Amino acid sequence: MRLKKSLMISAIAVASILGLGACAGGEATPPAAETPTFEAGTTMAKLADAGTITIGTKFDQPLFGLKGPSGDPVGFDVEIGKIIAKSLGIAADKIKWVETVSKNREPFIENKTVDIVVATYTINDKRKEVISFAGPYYNAGQDILVLAGNPEGIKGPEDLKGKNVCSVAGSTSEKNIAEYGVNLITTDTYSNCLEPLRQGKVIAVTTDNVILAGLADQNAGEFEVLSNPFTEEPYGIGLGHDDDAFRTFINDVLEKAYADGSWKAAWESTAGKVLKTPEPPAVDRYSN
C-alpha cells in the first residue's frame, strides 16, 4: 500500500511539472484545429477527405497572383484561395497551384484541371453558362495604362479609337475595349503588353485598374494608370457549373472572412501595400 501511494504521488508530481513546463515558456501548445465534416458526396467532403485542393490563379499579376521566389504564387487572389482551403481543413502547403491565364479559366474548370479558379475573374452571364461563380470578393474597374507622363494625352477609352491597344485574349477587358473601335493587339498575359508599350508599338494597355496598378508599381517610373475606370468588374471564384452546395459553402466562407477580419488582413498584406483598403462587396447568391 505504501509503495502504491508513493507511485501515485510521483505520478501527480510529474503531471504537475509537465503542466508547469507548458506554462513556463508562456503559452501552452494550442489544441489542433478540428477537421470540418461535410455531407458525403459533396465537393467539400471530397476535397476535405483528400486533404488537398487544386487552385488556378495568375502567375503574372502583381498584387493579386504573381509567381514568388519559392515557385508558388503570392497575392490577394492567392490569400483568398488559402482562406477557402483552410475552411476545408486543408493547410496552405497542401494546395496545388496551377497557372491559369484568362483564356483557359473556363476550360480548366470544365475539364477538372482545377477545383476552383481565383484569378482576377470577372463574373458575367456568358461565363455563367458553363461554370458557376461564388462571390464577388472584390470589385475592380477597367482602366488604361500609358507611358509615364501620358505623352499622348489620353483621357479615356474614347481617345483610343483607331489606335493600337494591348489586352489579353479571352478577357472581359478585350471585349470591352473592342467596342471603342481600337486596333486591338492581344497576348496571353498582361505583362507581355508592357514591352510593346515601351517600344511604341501600342499606345496603351487596358485591363482592370488593380492589375494595371500592380504592373505600374512593379515597373516604377515607367508607366502610369489614368485612374479613370470605365467599367465595373466584380471578381468571383470560378467553380463547377451548378455545384450549388460548393458555391454556397464558398459564399459562406467569404462572408465569414469579411466579418472576422481575415479578408481585410489578406488585402492589407498584398494589394493593400499599394492600394487603399476597400469595403468588401456583398456576395451575390444568385440562382441559375
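Residue numbering note: each chain is counted from 1, following its sequence as written. Totals for whole chains, interfaces and linings use all residues, but because this is a predicted model, local features are given only for residues with pLDDT of at least 70 and pairs of side-chain atoms are given and counted only at 80 or more. Side-chain figures throughout are based on the complete set of non-hydrogen atoms in the structure, without hydrogens or water.

Trainee: Break down the overall build of the protein for me, citing the residues and quoting the values.
Mentor: Numbering of helices and strands runs from the N terminus; a helix is a DSSP stretch of H or I covering at least four residues, while a strand is a stretch of E covering at least two. Across its full length, the protein carries 10 helices and 13 strands. Per-residue accessibility, obtained with a 1.4 Å probe over protein chains only, is compared with the maximum for each type, and a residue is labelled buried under 20%, exposed over 50%, and partly exposed between these values. Evaluated residue by residue, the protein yields a buried proportion of 45% over its 288 residues. A contact between two residues is defined here by any heavy atoms of the two lying within 4.5 Å. Long-range contacts, defined here as pairs at least 24 residues apart, represent 70% of the contacts in the protein between residues at least 6 apart. Here the protein displays about 14,700 Å² of accessible surface, and carbon together with sulfur accounts for 52% of that area. Accessible areas in this description were obtained via Shrake-Rupley with a 1.4 Å probe; residue shielding takes into account the shown protein chains only.

Trainee: Would you mind going over the side chain of Ser 171 in detail, with residue names and values included?
Mentor: Tracing the sequence through the fold places Ser 171 in the loop between strand E9 (164–168) and helix H6 (172–178). Since its relative accessible area comes to 6%, Ser 171 is described here as buried.

Trainee: With reference to specific residues and values, describe helix H8 (residues 209–218).
Mentor: For the α-helix, the turn length of 3.6 residues means that residues three or four positions removed from each other point alike. Most of H8 sits out of view: 7 of its 10 residues are buried. Residues of H8 that are buried include every one of Val 210, Ile 211, Leu 212, Ala 213, Gly 214, Leu 215 and Ala 216, and no others.

Trainee: Give me the lowdown on the nonpolar core, citing residues and values where you can.
Mentor: Counting residues in hydrophobic clusters, the biggest one holds 53 residues, and the most contacted among them are Phe 76, Ile 80, Ile 116, Tyr 137, Ile 237 and Ile 250. Taken domain by domain, the makeup of this core includes at least three residues from each of domain 1 (43–139 + 233–273) and domain 2 (141–231). With near-sequence residues (within four places) excluded, Ile 237 lies in contact with Ile 80, Ile 84, Ile 116, Val 117, Val 118, Ser 132, Phe 133, Ala 134, Tyr 137, Ile 250 and Leu 254. Here, nonpolar core means buried Ala, Val, Leu, Ile, Met, Phe, Trp, Tyr and Cys residues that are tied together by side-chain atoms lying within 4.5 Å of each other. Note that the domain bounds reflect an automated or database-derived domain assignment.

Trainee: Talk me through the state of the cysteines; I want residue IDs and the actual numbers.
Mentor: Working definition: a disulfide is two cysteine sulfur atoms within 2.5 Å of each other. Under the defined criterion, the tally for this structure stands at 1 disulfide. Between Cys 166 and Cys 193 runs a disulfide, and the two sulfur atoms are separated by 2.0 Å. Note on the Cys 166 and Cys 193 pair: the S-S dihedral is about -70 degrees, so by sign convention the disulfide is left-handed. Of this pair, Cys 166 sits in strand E9 while Cys 193 sits in the loop between strand E10 (183–187) and helix H7 (194–198), and the two are 27 residues apart along the sequence. Each member of the pair Cys 166 and Cys 193 is classed as buried.

That is the geometry; function is a separate question.
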